[in-house]
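Fold and contact review
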Amino acid sequence: MSTSPSDGERAPEWFRRAAARFDELRTRRWFWPAALIVGYALEVLFRLALVKGLSFPTVHPDEDSYLVLSRVLAGRSVTEIPVGEVIPAGYPLLISPALRLTSDPVLAYQLILGLNALMNALVFPLAYVALRRLGVRRLLAYVFGGVTALLPPVVFYSQYAMSDVVLPVLALAWLVCMHGWLSEGTLKARCWYAAGMGAAAGYAMATHDRGTVMVAVTAVVLLGVLVLRWAPWRASVVGLVVLGAGAVFAKALAWWLRRTFSVGKSKVSDHLVEGLTNGDILQRTLTRTAGQIWYFIVSTWGVAGLAIVVCAFAVFSGRFRRQDRVVGGVMVALLVGTAFAAAATLPDDGRIDDWVYARYVSYLVPVLFLTGAALLARLGRKRIVYAALAAAGLTLALAQSVIMSAGSKLHSQVFVLWGMPDAAFLAGDWSKLNMLRSTFAAFVILAGVVLMLVTGGRKVLWALGVSLALFACFSTFTISSQITHPYANDRKAGATGFTKAAGIRPGDNVVFAWDVDWNIRSTQAYEVMPGRMWSRDPRWQEVPAETTAIVTPLPAAGMPPESYWADRPNVWYVDRVNEGGKWMVWRKKH
């Protein structure tokens, strides 16, 4: 009776030798730490390649405000903050070393993008640790950890000076530590995990208002676990103390910056209260909440949808470990809570992406995607199919609810490509939102993943992971080439282009008239360095004595430039005029 050769016997000799050598190497103690270092370095290099050529902020006023906060935290001069209020400064604190090293705004911004790459790439080793905690084998945890770190929603924001660079890292570290604190282990280890959980949540609060939600959820979990005695009370107390210290640090940092800039506190909480209590806009809030969760699932190709469905089920099921149930429930609650709070806070400014804006929930993409990947590796075939069908049904229901509620606004309002990069990529249309086409594309990817697992079993998981990693690289690169770099090119004239054309020199202190283009004023708050800038109308507002240049619009057509400021002091003269940009620069006579 003849037998067919096994897969290993059919493989080429060189492949069998390489596989044997790899099996030998991965048993060495140094192998996986070294592999993680190499993988992290590759993640950093990928991010650096994406930002090559970028040298100035383009997302106004967010980037400009973070950069202004950073320059002050680096010990440099106070200037106008474009957003008009102090925002959480945890991220500016992390990038402030770049502004200590140089006064050149271009070099400083490039250094900041380098720091972004170093921080954002930490998603990879943390995702690996999280997958290992969920029982995924080392090789699969390594591969899917790489996929998680390469996802477009994770990498996209690392190309800008924004808090979204580091929030996914903090959220991932926070949940890994929460899982460790709730799992069996030594008292010392569980105390360290609790401290790490509290520190990550506290620093997230110092980084963005979303961190305040994390602090509130952490406090509820700590108190609940303390009462129910699900963890050693000493560990829970350690977590509460560190969490409290982190919250105090966040408040103290915000208080110091408000005094430094002499501005009021953020009005986000006021907008949130209005959005939650005003019955007239409640339907809009609910629709936007559904839209953000829809976008969240679609941007992860449906894999996070698996996690949402199973985590929600696990909360009420005794089949799962306690730590998995608690952390799973926290993830879903935080996703819905963040989406709801963001939906209530966002203004009604006529933008399509307000209905499906996914930036505010994107910090949870890594944790829910890797949870979905762990489910793919551990669930049986039937359960994977059922979970995928449930995820597809949830996604379609969310999409349909947005389409029915928002109606024609999804086509008639302003389309801002930057706010919907993943949906545009999946739909293959960079000019408008097509929710159903984006949803279908995500379903095709998810269906392919499920079909491969159902037909090939777990032995195809590593190949599936590699395929998803390559697709993630392609997606991220395409989005960067279609959005990030064109976006920067379109705004160069208002950033470094303006600085050069206007003759703004290092050390200049510049006043900008209120009716100068807002994008220029926002960018120059950072570009004017180490000097400072103010927004004033020199015709009726006092110009600070240390001012060296004033930028104003041109007067009416046919009028001489000097007519704009007819009763100016004699020391001021028109230095240059830019007809295309419709601005002119005034300087003092020496």
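You'll find the structure just up there.
Residues numbered from 1 in each chain as written. Predicted model: local features only at pLDDT ≥ 70, side-chain atom pairs only at ≥ 80, totals over all residues. Heavy atoms only, no water.

1. Comments concerning the overall build of the chain
When you go through the chain residue by residue, the secondary structure sums to 26 helices and five strands. In summary, the chain has a C-alpha radius of gyration of 26 Å against a globular reference of 25 Å for 590 residues, a match within 12%. Its C-alpha atoms give the chain principal-axis dimensions of about 105 × 55 × 55 Å. A buried classification covers 55% of the 590 residues belonging to the chain. The long-range share in the chain, meaning contacts at least 24 apart out of those at least 6 apart in sequence, stands at 74%. Total accessible area computed for the chain in this model is approximately 25,600 Å², and 63% of it derives from carbon and sulfur atoms. (Helix = DSSP H or I, 4+ residues; strand = E, 2+ residues; numbered from the N terminus. Rg over C-alpha atoms; globule rule 2.2 N^0.38 Å. Buried < 20%, exposed > 50% of the residue type's maximum accessible area, 1.4 Å probe, protein only. Contact = heavy atoms within 4.5 Å. Areas by Shrake-Rupley, 256 points an atom, 1.4 Å probe, with all protein chains shown as cover.)

2. Topic: a nonpolar patch on the surface
Among the surface-exposed residues, Val38, Leu42, Leu45 and Leu48 lie close enough to one another that they form a single nonpolar patch of about 370 Å² accessible area. Structurally, the position occupied by leucine 42 is in helix α3 (residues 31-50). You can call leucine 42 exposed: its relative accessible area is 54%. (Patch = residues over 30% accessible without salt bridge, like charges linked within 9 Å, V, L, I, M, F, W, Y side chains within 5 Å. Salt bridge = Lys/Arg side-chain N within 4 Å of Asp/Glu carboxyl O.)

3. Looking at empty space enclosed by the protein
Under the defined criterion, the tally for this structure stands at three cavities of 30 Å³ or more. Taken as a whole, the largest cavity spans an internal volume of roughly 60 Å³. Forming the walls of the largest cavity are 13 residues, and the residues nearest its centre are Pro153, Tyr295, Ala358, Ser362 and Asp422. When contributions to the lining of the largest cavity are tallied by element, the ones reaching two or more residues are α15 (282-299) and α22 (421-427). Broken down by element, the residue count for the lining of the largest cavity peaks at three residues, all from α15. (1 Å grid on protein atoms, 1.4 Å probe; cavity = no way out; pocket = protein on both sides within 12 Å on 5 of 7 lines; lining within 4 Å. Points joined across faces, edges and corners; volume = space filled by probe spheres on them.)

4. Quick look at the pairing of strand β4 (residues 572-578)
Regular strands have side chains that alternate between both faces of the sheet. By the bridge criterion, six bridges tie β4 to strand β5 (residues 583-588) in an arrangement that is antiparallel. When the bridges of β5 are listed, valine 577 appears paired with methionine 584. Between β4 and β5, which pair antiparallel one after the other, the connecting turn spans four residues, and lysine 582 there sits at a positive phi close to 60°. (Pairing = 2+ DSSP bridges.)

5. Thoughts on the layout of surface pockets
The calculated volume of the second largest pocket comes to roughly 760 Å³. Residue lining of the second largest pocket: 31 residues in total, with Val310, Ala314, Phe320, Asp324 and Leu375 positioned closest to the centre. Taken together, the elements giving at least two residues each to the lining of the second largest pocket come down to α7 (123-133), α10 (167-182), α16 (303-314), α17 (322-345), α19 (365-378) and α20 (381-406). Per-element accounting of the lining of the second largest pocket gives the leading share, six residues, to α19.

6. Re the state of the cysteines
Taken as a whole, this structure holds zero disulfides when the rule is applied. Cysteine 177 takes part in no disulfide bond, and the closest cysteine sulfur, belonging to cysteine 191, lies 13 Å away. According to the relative accessible area criterion, cysteine 177 is buried, its value standing at 14%. Here cysteine 311 is not disulfide-linked; the sulfur of cysteine 177 is the nearest cysteine sulfur, at 18 Å. Among the residues examined, cysteine 311 registers a relative accessible area of 8% and is labelled buried. (Disulfide = S-S within 2.5 Å.)

7. Some details on the nonpolar core
Ranked by size, the top nonpolar core spans 200 residues in total, and within it Trp174, Trp181, Trp294, Leu368 and Trp418 carry the most contacts. Here the element with the most residues in this core is α10; it accounts for twelve residues. Not counting chain neighbours up to four residues away, the residues in contact with tryptophan 294 comprise Val356, Thr395, Leu398, Ala399, Ala423, Leu433, Met435, Ser438 and Thr439. (Core = buried A, V, L, I, M, F, W, Y, C linked by side-chain atoms within 4.5 Å.)

8. Here we look at α15
Taking 1.5 Å as the rise per residue, α15 with 18 residues should run 26 Å; its terminal C-alpha atoms sit 26 Å apart, in good agreement. Extensive coverage of α15 is indicated by the burial of 15 of its 18 residues. Tryptophan 301, located one to two residues past α15, shows a positive phi value of around 60°. (Expected span 1.5 Å × (residues − 1).)

9. What to know about α7
Turning to α7, its buried residues are Val123, Phe124, Ala127, Tyr128, Ala130 and Leu131. On an axial view of α7, the arc spanned by its buried residues comes to 165°, and they lie on one face. Contacts from the buried residues of α7 go to α3, α6 (105-120), α8 (138-150), α9 (152-155), α10 and α19. Of the residues flanking the end of α7, it is glycine 135, one or two places downstream, whose phi is positive at about 85°. (Arc of directions from axis to C-beta.)

10. Some thoughts on the sheet that holds β5
The strand order across the open sheet formed by five strands is β2-β1-β3-β5-β4, and the pairing between neighbours is mixed. The open sheet has two edge strands with one neighbour each: β2 (533-535) and β4. Neighbouring strand axes in the sheet, compared pairwise and without regard to direction, differ in orientation by 25° on average. Of the strand pairs in this sheet, strand β1 (residues 510-512) and strand β3 (residues 549-553) are connected by three bridges, and their pairing is parallel. (Axes fitted to C-alpha atoms, helices over the stretch in contact; angles between N-to-C directions.)

11. Here we look at the packing of helix α4 (residues 62-73) against helix α26 (residues 518-527)
Contact geometry of α4 with α26 gives a least axis separation of 8 Å together with a crossing angle of 20°. Looking at the two axes, α4 sits roughly parallel to α26. The hand of the α4/α26 crossing is left-handed. Here Asp64, Leu67, Val68 and Arg71 of α4 come into contact with α26, specifically with Ser522, Thr523, Ala525 and Tyr526. (Parallel < 35°, antiparallel > 145°, perpendicular 65-115°, else oblique. Left-handed = near helix turned anticlockwise from the far one by under 90°.)

12. So, the pairing of β3
β3 sits mainly inside the fold: five of its five residues count as buried. Burial along β3 is two-sided: Ala549, Val551 and Pro553 facing one way and Ile550 and Thr552 facing the other are all buried.

13. Focus on the packing of α10 against helix α11 (residues 187-207)
It is at 8 Å that the axes of α10 and α11 come closest, and there the two elements cross at 155°. Classified by the angle their axes make, α10 and α11 are roughly antiparallel. In the packing of α10 onto α11, the handedness of the crossing is left-handed. Facing α10, whose interface residues are Leu167, Leu170, Trp174, Val176, Cys177, Met178, Gly180, Trp181 and Leu182, α11 presents Arg190, Tyr193, Ala194, Gly196, Met197, Ala200, Ala201, Tyr203, Ala204 and Thr207. Classifying every residue of the contact of α10 with α11 by side-chain character gives 15 nonpolar, three polar and one charged. (Nonpolar A, V, L, I, M, F, W, Y, C, P; charged D, E, K, R; others polar.)

14. Side note on the pattern of salt bridges
Pairs may arise between side chains of opposite charge once their charged atoms sit close together. A full pass over the atoms with the stated rule returns twelve salt bridges. Across the pair arginine 321 and aspartate 324 runs a salt bridge, and its minimum N-O distance is 2.9 Å. Measuring nitrogen to oxygen at the nearest pair gives 2.5 Å for the salt bridge that ties aspartate 429 to lysine 432. In this structure lysine 432 comes out as partly exposed when scored by relative accessible area, which is 43%. Through salt bridges with shared partners, one network takes in Asp62, Asp164, Arg210 and Arg359.

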